[in-house]
Amino acid sequence: MTRELKLAQGVQNARCLLLLGDSVTTDHISPAGSIARNSPAARYLATRGLTPREFNSYGSRRGNDAIMSRGTFANIRLVNKMSPTPGPKTTHHPSGDVMDIFDAADRYASENVPLIAVVGKDYGSGSSRDWAAKGPYLLGIKAVIAESFERIHRSNLVGMGIIPLQFLPGENADTVGLNGSETFTINLPEKLNPGDIISVQVDNGKSFQVKVRFDTEVDLTYFRNGGILNYMIRKML
């Protein structure tokens, strides 16, 4: 981070990492339970000489960001419309390779491609979990476009510097014709206000409008700082 604030940045030519339906809970997002033997987290531990009986759970390793980022969206019940089967998989574009969600995010990061998630109603419902916002941030997700957000989860996303965007009433990924293979550009106006309506440009020539779910000036302050931690550090300086 820099001492001085930079201009608020939008998202240029982002890829969709996840295309999810309604009622995706914090349990779908957050790393939880035992570490599956065929998961990215398990492979990471195995390369460091651990055997499966030593993997333990995500909860026991919650201080390790390398493990927790690999366990984000690793729920076997996750239904990602960009995967042929339920579970923590997605399709990398433009290659068309189906891979673990973390591995796809890692590949996009190596290609300097920012990411978004497109989701349905009540995104982030369930009990509030800090890793439900930290995990997507570490995967490189810059914005989430939802039909609606659970109140506290929306606030937590803002606290990590992630842009919460909401489809206009009556619209969703299906009605605007999204399948997850597109690239997305989100330009934020220089004088951004809470609740502004902006356009999302899609590479196929389409565009659709969304509401920016920065609901207060405090939300905007956190976002402009890149998240609440950066804001606090700058305030202390």
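Predicted model, so just to flag it, every value in this text is computed and none were measured. (Residues numbered from 1 in each chain as written. Predicted model: local features only at pLDDT ≥ 70, side-chain atom pairs only at ≥ 80, totals over all residues. Heavy atoms only, no water.)

Chemist: Quick question: what am I supposed to make of the overall build of the chain here?
Modeler: Looking only at helices and strands, the chain features eight helices and nine strands. In terms of overall dimensions, the chain has a C-alpha envelope of 55 × 45 × 35 Å along the principal axes. Taking all 237 residues of the chain together, 47% fall into the buried category. Long-range contacts, defined as pairs at least 24 residues apart, comprise 63% of the intrachain contacts of the chain with a sequence gap of at least 6. For the chain, the exposed surface amounts to about 11600 Å²; the carbon and sulfur share of it is 49%. Taken together, the 27 basic and 23 acidic charged side chains of the chain have centroids lying 6 Å from each other. (Helix = DSSP H or I, 4+ residues; strand = E, 2+ residues; numbered from the N terminus. Buried < 20%, exposed > 50% of the residue type's maximum accessible area, 1.4 Å probe, protein only. Contact = heavy atoms within 4.5 Å. Areas by Shrake-Rupley, 256 points an atom, 1.4 Å probe, with all protein chains shown as cover. Lys, Arg positive; Asp, Glu negative; His and termini not counted. Charge placed at Lys NZ, Arg CZ, Asp CG, Glu CD.)

Chemist: Please clarify how the packing of aromatic side chains should be interpreted in this entry.
Modeler: What characterises a pair of aromatic rings is the spacing of the ring centres plus the angle enclosed by the ring planes. Going through the model one piece at a time under the given rule, you end up with four aromatic pairs. Each ring, one from tyrosine 123 and one from phenylalanine 149, has its centre 6.4 Å from the other, and the planes form 80°; the classification is edge-to-face. Of this pair, tyrosine 123 sits in the loop between strand S4 (115-118) and helix H5 (131-139) while phenylalanine 149 sits in the loop between strand S5 (141-146) and helix H6 (151-159), and the two are 26 residues apart along the sequence. Residue tyrosine 123 is classed as buried on the basis of its relative accessible area, which comes to 1%. Between phenylalanine 167 and phenylalanine 208, the aromatic rings sit 5.6 Å apart at their centres with planes inclined by 25°, giving stacked as the arrangement. With a gap of 41 residues between them, phenylalanine 167 in strand S6 (residues 163-167) and phenylalanine 208 in strand S9 (residues 207-212) connect regions that are remote in the sequence. (Phe/Tyr/Trp six-rings, centres within 6.5 Å; stacked < 30°, edge-to-face > 60°.)

Chemist: Just to check I follow, could you spell out the sheet that holds S6 for this structure?
Modeler: Two modes of strand pairing occur in sheets, parallel and antiparallel, and in both the strands are linked by backbone hydrogen bonds. Here seven strands make up a closed barrel; going around it, the order is S1-S4-S5-S6-S9-S8-S7 and the pairing mixed. In this sheet, neighbouring strand axes are inclined to one another by 40° on average, regardless of whether the strands run parallel or antiparallel. Note that S6 and S9 share three bridges and pair antiparallel. Within S9, the position partnered with phenylalanine 167 by the bridge is valine 210. (Pairing = 2+ DSSP bridges. Axes fitted to C-alpha atoms, helices over the stretch in contact; angles between N-to-C directions.)

Chemist: Would you mind going over a nonpolar patch on the surface with me for this structure?
Modeler: Together, Met1, Ile228, Leu229, Met232, Ile233 and Leu237 make up an exposed nonpolar region whose accessible area comes to about 580 Å². Within the secondary structure, methionine 1 sits in the segment before strand S1 (11-19). On the accessibility criterion, methionine 1 (56% relative accessible area) is exposed. (Patch = residues over 30% accessible without salt bridge, like charges linked within 9 Å, V, L, I, M, F, W, Y side chains within 5 Å. Salt bridge = Lys/Arg side-chain N within 4 Å of Asp/Glu carboxyl O.)

Chemist: Help me understand the UniProt feature "domain: Aconitase A/isopropylmalate dehydratase small subunit swivel" (unreviewed entry) in the chain in this model?
Modeler: Under the UniProt annotation, "domain: Aconitase A/isopropylmalate dehydratase small subunit swivel" (unreviewed entry) lies at residues 42-168. What you have in residues 42-168 is 31% helix and 17% strand, and the ends, taken at the C-alpha atoms, are 40 Å apart. (UniProt positions renumbered as here; feature names shortened; annotations may be inferred.)

Chemist: In this structure, what is going on with the pairing of S1? I would like to understand it.
Modeler: Within a regular strand, side chains alternate between the sheet's two faces. In terms of residue burial, S1 counts as a mostly covered element, since seven of its nine residues are buried. Pairing of S1 with strand S7 (residues 183-186), which is carried by three bridges, proceeds in the antiparallel orientation. What sits directly across from alanine 14, in S7, is phenylalanine 184.

Chemist: Would you explain the pattern of salt bridges in this entry?
Modeler: When their charged atoms lie close together, side chains carrying opposite charge are able to pair. On inspection of all chains with the given rule, the structure shows 13 salt bridges. Across the salt bridge formed by aspartate 27 and arginine 129, the nearest N and O atoms sit 2.9 Å from each other. With aspartate 27 in helix H1 (residues 26-29) and arginine 129 in the loop between S4 and H5, this pair connects stretches of sequence that are 102 residues apart. Aspartate 27 gets classed as partly exposed once you look at its relative accessible area, which sits at 39%. Classification of arginine 129 by relative accessible area gives partly exposed; the value is 33%.

Chemist: I would appreciate a short explanation of H6 in the present structure.
Modeler: An α-helical segment advances 3.6 residues per turn. Residues three or four places apart therefore align on the same side. Those residues of H6 lying buried are His153, Arg154, Leu157, Val158 and Gly159. Residues of H6 that are buried make contact with H1, H5, S5, S6, helix H7 (217-224) and helix H8 (228-236). Structurally, the start of H6 carries an N-cap: the backbone nitrogen of isoleucine 152 is 2.9 Å from a side-chain oxygen of glutamate 150. Note on H6: the residue one or two positions beyond its end, glycine 161, has a positive phi of about 80°. (Polar contact = N/O pair within 3.5 Å; in protein donor to acceptor, adjacent residues only side chain to side chain.)

Chemist: Sorry, what's going on with H7 here?
Modeler: Within H7, the full set of buried residues consists of Asp219, Leu220 and Phe223. All buried residues of H7 fall inside an arc of 95° around its axis, so they share one side. Residues of H7 that are buried make contact with H6 and S6. Positive backbone phi, at 85°, marks glycine 226, one or two positions downstream of H7. (Arc of directions from axis to C-beta.)

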